[in-house]
2 protein chains.
Amino acid sequence: MKPAMSKVKRIEGVLSPVITPFRKDYAPYEERFVRHCRWLLKSGCAGLAIFGTNSEANSMSVGEKRRLLEALVKGGVSPATLMPGTGHCALADSIELTRAAVELGCAGVLMLPPFYYKGVSDEGLYRNFAEVIERVGDERLQLYLYHIPPVSQVPITLALIERLLKQFPASVAGVKDSSGDWPNTKAMLDAFAKSGFDVFAGSEVFLLDNMRGGGKGCITATGNINPGAIDKVFRNWRGPDADVLQKDITATRNVMQKYPMMAALKAVIAHYARDAEWATMRPPLVELTPAQSKALMAELEARGFDMPGLAAASATVTA
Amino acid sequence: MKPAMSKVKRIEGVLSPVITPFRKDYAPYEERFVRHCRWLLKSGCAGLAIFGTNSEANSMSVGEKRRLLEALVKGGVSPATLMPGTGHCALADSIELTRAAVELGCAGVLMLPPFYYKGVSDEGLYRNFAEVIERVGDERLQLYLYHIPPVSQVPITLALIERLLKQFPASVAGVKDSSGDWPNTKAMLDAFAKSGFDVFAGSEVFLLDNMRGGGKGCITATGNINPGAIDKVFRNWRGPDADVLQKDITATRNVMQKYPMMAALKAVIAHYARDAEWATMRPPLVELTPAQSKALMAELEARGFDMPGLAAASATVTA
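Residues numbered from 1 in each chain as written. Chains lettered and ligands numbered in written order. Predicted model: local features only at pLDDT ≥ 70, side-chain atom pairs only at ≥ 80, totals over all residues. Heavy atoms only, no water.

### Brief notes about the confidence of the model for chain A
Detail in the predicted coordinates should be disregarded across regions flagged by low pLDDT.
Step number 1: Per-residue confidence for chain A gives a mean pLDDT of 96, with 96% of residues at or over 70.
Step number 2: Complex prediction metrics read pTM 0.96 and ipTM 0.95. (pLDDT = per-residue confidence, 0-100.)

Laid out in C-alpha cells, this is it:
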C-alpha cells in the first residue's frame, strides 16, 4: 500500500449518477458534461456518481471514461465530490479506471461486480474485488460496492460484504443498494452501518427510510433533474415535515418511472436546458419518442416541476 | 467502405471457443494459448472462435485481447481460421476489436450484443451492430451474431437478423445459436440459411440436427477437448453411422455439463497436458475443487476419453 497522501472526507447526502451527453455521432460531449456536473453541485448534489448505470457508462470504453473524468477535474469540479463507477466485466478494466480515479483524488469509487458470467460464486467475486484493492494498492481508495441485481444479475451478498470488510476495513467504505428491495437495504444497515459502512439507497423513494435506519443518503437517477428537492429531504430528515417532503419527491419519481428512465432524464434536460442534442442516447439505448417526451413534460409541468438555472448554465455550450 | 483486399473463405465445421490460459497472477499466458490453438487446428477444429464466452473473454480488456490475437498470428496461426469474439458492452470497444480483427485478416468475428442494459429494443441493437459495421467500413468484415440469452440476457431476434441482413447483406455472415433451444436454431435455419446466412449450433449436441437443417457446423466449448470426435460427426453427417457418432459426442458433453464448464475444460487440459497451471481461472470464475477434478477425470477415463498429442504439444512451455 502507498501511504495516504491525504485523508479524503466521505460524501454524505444526494449523489447523482450523472447522465452522459453524446453528440449525434455518439461521441461523448465533454463541455455539456462538465456544465451539467457544475449545475448539479450548485443545485443540491453533495456528490457526483459519474459513470453509473444511468450514465450509460457501460456503453463507454475505459478510455472514453478516463477522458471525461480528466475533463471534469480540469473543468474545475473538485475530485472530492466524485464517486465514479469503475466496475467492469474485465478485471484489467476495473483496475485501470479505479487507479485513475484514486490518482485524481476522487472521494470514492462505486464498483459493479463483473456482470457477464451469471451464477458466479462469492469466492469469485471476493477475488475480483480483492484483486482490484490490492493492485491499486493505495490507502486513499474508498470503495463502494454497487448492488443492482435487476440489471447486473449478479448480486452482492451480505456474506461477501462481511468478508471484504473484514479483510479490507480501511478500503471498503459502503454500498449503493439499487435492488429496489427495502428489506435488503435494511439488512445492510443493520449488519454494517454501525461499523462505519456507508449505505446509500439506490432511489430517493427510500431516502427517508435509509436516513432513519442509519444510512448516509441516496444515489439516484432523478438526482439529475430534481436534486434540490431530494437534498431538502436529506437536510430535513429529522424535521417535522420530512414525510411530506419525501412524499413530494416520490411523486416526481413515480412520473419519471413511467418512461424508460435514462431516455426520460435526457429528454427532461434537453427540454429545460433548451438544448435538443442532450436527448441523444448511445446504442443500445434509444431516445423517447416525441409523443412520450411531450406527455412526460406535460406531467412534470402539471406538478410545477422546474430546473432553476439550467438553461442559463447550459446556454453557452457550443456545437 | 474500403474495397475487399481479398475475399475471405467462410469457415465451416467445428470451431472451438478457445479457453484462455492465465498465469497465477491472472495475466494471459500467450505461449500456452498459441500452443493450444495449434493443437486444436491439428486435432479437428476448422476454426478458432477465440474470445468467446468459454474463453473468459469478458474478463479481459480489449488491450489484452489484441495482444493475444497478435501473438497468435505471429505464432503462425492463420487468420483465415480465426473468428474472434469482438462484441462488448461498450460500442467503442466493439469497434476497436472488430477493426483489429479485420485488419489482421480474420475470417470473421462473432459479436455479442451489448449486454449490460436489459430489455433493450431491437432498434437499439440494430443501431449497435450497424454502427460497428459502418465504422469498421471494410468489405472484408464477416460478422456472425452471437445469440446466448442464458448468459447475455439480451437476445438476437429473428426480426433483428432480418433487418441487419437486408441492410448489410455482404457483412452479416451468420449466427452462433447458444440458446440451447433447438426450435430457435431451426427457425433461424428455416428463415435465413438458404440466403447464405451460416448457422452454427452453440453445442455439439445439436450438430447433426444443424447439419441436416442446412447449418454449417458448431462452435462448442467441448471443442477444446474433444475436437476430433466432434469433427468426425461433421465430416460424416450424411453417412450411415452419423447417429451413432453423434450419440458418442453427446455422451462426452453430458459428462462435462455436470461441472462448471469453463473450469472443467481447464481441469481436463491441465490433466492431459500434465500442466497444472492451465487450471487457473480469472475472477470472477474459480477452479474446480480437487474432488470435482478427480471425479471428472475418472468419468472421462471410464469413457476411454483421451487428448492425443496434447502433452507433447504442451511439453516445452516454459514458466
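### Focus on the packing of helix H2 (residues 62-74) of chain B against helix H3 (residues 91-103) of chain B
All names here are of chain B.
Step number 1: Where H2 contacts H3, the two axes come as close as 10 Å, and the packing angle between them is 10 degrees. Judged on the interaxial angle alone, H3 and H2 are roughly parallel. For the pair H2 and H3, the contacting residues are Val62, Lys65, Arg66 and Leu69 in the first and Asp93, Glu96, Leu97, Ala100 and Ala101 in the second. (Axes fitted to C-alpha atoms, helices over the stretch in contact; angles between N-to-C directions. Helix = DSSP H or I, 4+ residues; strand = E, 2+ residues; numbered from the N terminus. Parallel < 35°, antiparallel > 145°, perpendicular 65-115°, else oblique. Contact = heavy atoms within 4.5 Å.)

### Some points on the interface of chain A and chain B
Step number 1: Chain A puts 43 residues into the contact, and the matching count from chain B is 43 residues.
Step number 2: Of the roughly 3300 Å² buried between chain A and chain B, counting both surfaces, carbon and sulfur atoms make up 63%.
Step number 3: At the boundary of chain A with chain B, the tally comes to two salt bridges.
Step number 4: A per-element tally of the side of chain A that touches chain B places helix H4 (residues 122-136) of chain A first, with seven residues. (Buried area = accessible area lost by both parts, 1.4 Å probe. Salt bridge = Lys/Arg side-chain N within 4 Å of Asp/Glu carboxyl O.)

### Here's the deal with the relation of the copies chain A and chain B
Step number 1: With an RMSD of 0.0 Å, chain A superimposes on chain B once it is rotated by 180 degrees and translated 0.0 Å along the axis. Considering both components of the superposition, the chain copies are consistent with a two-fold axis. In terms of C-alpha distance to the rotation axis, chain A has Tyr116 of chain A as its closest residue, with the C-alpha 3.9 Å off the axis.
Step number 2: A symmetric contact is evident, with 100% of the interface residues of chain A recurring at the interface of chain B. (Least-squares fit on C-alpha atoms with pLDDT ≥ 70 in both.)

### Brief notes about helix H11 (residues 261-273) of chain A
Residue and element names in this part refer to chain A.
Step number 1: Here H11 contains 13 residues, and its C-alpha end-to-end distance of 18 Å stays within 8% of the 18 Å for a straight helix at 1.5 Å per residue.
Step number 2: Burial analysis of H11 places twelve of its 13 residues in the buried class, which makes it a mostly covered element.
Step number 3: Buried within H11 we find Met261, Met262, Ala263, Ala264, Leu265, Lys266, Ala267, Val268, Ile269, Ala270, Tyr272 and Ala273.
Step number 4: Contacts from the buried residues of H11 go to helix H1 (30-42), helix H10 (242-256), helix H12 (290-302) and helix H13 (310-314).
Step number 5: Arg274 lies just past H11 and shows a positive phi near 55 degrees. (Expected span 1.5 Å × (residues − 1). Buried < 20%, exposed > 50% of the residue type's maximum accessible area, 1.4 Å probe, protein only.)

### Describing the packing of helix H10 (residues 242-256) of chain B against helix H12 (residues 290-302) of chain B
Residues and elements named next belong to chain B.
Step number 1: One way to put it is that H10 packs onto H12 with a least axis distance of 10 Å and a crossing angle of 170 degrees. Relative to H12, the element H10 is oriented roughly antiparallel. Here H10 runs over H12; the crossing is right-handed. From H10, Thr252, Val255 and Met256 reach across to H12, where they touch Leu296, Glu299 and Leu300.
Step number 2: Looking at the contact of H10 with H12 residue by residue, the classes come out as four nonpolar, one polar and one charged. (Left-handed = near helix turned anticlockwise from the far one by under 90°. Nonpolar A, V, L, I, M, F, W, Y, C, P; charged D, E, K, R; others polar.)

### Thoughts on the environment of Leu164 of chain A
All names here are of chain A.
Step number 1: Topologically, Leu164 is positioned in helix H6 (residues 158-167).
Step number 2: Here the alpha-carbon distance between Leu164 and Arg127, two residues 37 residues apart in the chain, equals 9.7 Å.
Step number 3: Leu164 has contacts with Tyr126, Phe129, Ala130, Leu145, Pro169 and Val172, leaving out every residue within four places of it along the chain.

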